[in-house]
Amino acid sequence: MAEGQDGAEHETARRWFLDACVLFPQLTRGLLIGAADAGMAQIFWSTRVLEEWRIAAARAGGMAAEAEVRALTARLTAAYPQTLVEPDPEVEAALRLPDPGDAHVAAGAATARALIVTLNMRDFPARRLTPHGLEAVHPDGLLWGLLEEETERFAPVVGKALADLARPVGDGAGGRSALKRAGLGRLGKAWAAQMA
């Protein structure tokens, strides 16, 4: 990749600020953190994002799920101390998003100079982000791109994330249906083709 603007865009493409909605589902979280573990991306989050994840887990699974997320966030924070960033207060105040409560996510991405990785694309319209030099991406396209560009490095990450699922995959397509259920249909199709 050429230096200059293209190099800067490529660098940002591999810096991901993770919204709570991509940390909550086990499979999506495993894929994104697995990519970071494999050295393919740098991941970032804020204290508030981790708190939103904890609250979502408590709502869905009660106190046991909340305790599990607390333990997991403690391990992740220890393993990735550089990932914890404070949202840029000026960006947070200036942003006008459909839900003002999402501004902290974009402001965290601004601090990290990273893409916003979210399942809720409608919450982050490009026309509101672009003036601040920000961009939101869906994990499906992001992870599909990794599988296409770096198959040898990323395929083991996908395999591990599927193997780590609490519910066995067992769909006869190497995990395609599990990926599709997680909102990662494009990745699932590419993964099934790899497994064929």
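Residues numbered from 1 in each chain as written. Predicted model: local features only at pLDDT ≥ 70, side-chain atom pairs only at ≥ 80, totals over all residues. Heavy atoms only, no water.

Caption draft 1: Expanded view of the nonpolar core. Judged by nonpolar contacts, the single largest core of 64 residues is most densely connected at Trp16, Leu31 and Phe154. The element best represented in this core is helix H4 (residues 47-79), accounting for eight residues. Leu31 has contacts with Leu143, Phe154, Val157, Val158, Ala161, Leu179, Leu184 and Leu187, leaving out every residue within four places of it along the chain. (Core = buried A, V, L, I, M, F, W, Y, C linked by side-chain atoms within 4.5 Å. Buried < 20%, exposed > 50% of the residue type's maximum accessible area, 1.4 Å probe, protein only. Helix = DSSP H or I, 4+ residues; strand = E, 2+ residues; numbered from the N terminus. Contact = heavy atoms within 4.5 Å.)

Caption draft 2: Just the pattern of salt bridges, in detail. As enumerated under the stated definition, the model contains nine salt bridges in all. Measuring nitrogen to oxygen at the nearest pair gives 3.7 Å for the salt bridge that ties Glu52 to Arg48. Taken together, the residues Glu52 and Arg48, both in helix H4 and four residues apart, mark about one turn of the helix. With relative accessibility at 27%, the residue Glu52 sits in the partly exposed group. Residue Arg48 is classed as partly exposed on the basis of its relative accessible area of 40%. Between Lys160 and Asp164 there is a salt bridge, with the nearest N and O atoms lying 2.5 Å from each other. Look at Asp164 and you get partly exposed, because its relative accessible area is 42%. Several salt bridges converge on common partners, so that one network encompasses Arg14, Glu149, Glu150 and Arg153. (Salt bridge = Lys/Arg side-chain N within 4 Å of Asp/Glu carboxyl O.)

Caption draft 3: Seen up close, the confidence of the model for the protein chain. Taken over all residues, the pLDDT of the protein chain has a mean of 88, while the share at 70 or more is 89%. Predicted confidence in the protein chain is weakest over helix H1 (residues 5-13), with a mean pLDDT of 48, and strongest over strand E3 (residues 115-117), with 98. (pLDDT = per-residue confidence, 0-100.)

Caption draft 4: Summary view of the packing of helix H3 (residues 26-37) against helix H8 (residues 139-149). The contact between H3 and H8 brings their axes to 11 Å, and the two run at 45 degrees. With respect to H8, the element H3 is oriented oblique. Handedness of the H3/H8 crossing: left-handed. In this structure, H3 uses Thr28, Leu31, Leu32 and Ala35 to contact H8, whose residues at the interface are Pro139, Leu142, Leu143 and Leu146. Of the residues belonging to the contact of H3 with H8, the class tally is seven nonpolar, one polar and no charged. (Axes fitted to C-alpha atoms, helices over the stretch in contact; angles between N-to-C directions. Parallel < 35°, antiparallel > 145°, perpendicular 65-115°, else oblique. Left-handed = near helix turned anticlockwise from the far one by under 90°. Nonpolar A, V, L, I, M, F, W, Y, C, P; charged D, E, K, R; others polar.)

Caption draft 5: Geometry of the sheet that holds strand E4 (residues 136-137). Strand order in the open sheet made by the four strands is E2-E1-E3-E4, with parallel pairing throughout. On the outer flanks of this sheet lie strand E2 (42-44) and E4, each paired with one strand and no other. Sheet analysis places strand E1 (residues 15-18) next to E2, joined by three bridges and oriented parallel. Across the sheet, residue Trp16 finds its bridge partner in E2, namely Ile43. Lying on the sheet, helix H6 (residues 103-112) is in contact with E1, E2 and E3; it crosses E1 at an angle near 155 degrees. (Pairing = 2+ DSSP bridges.)

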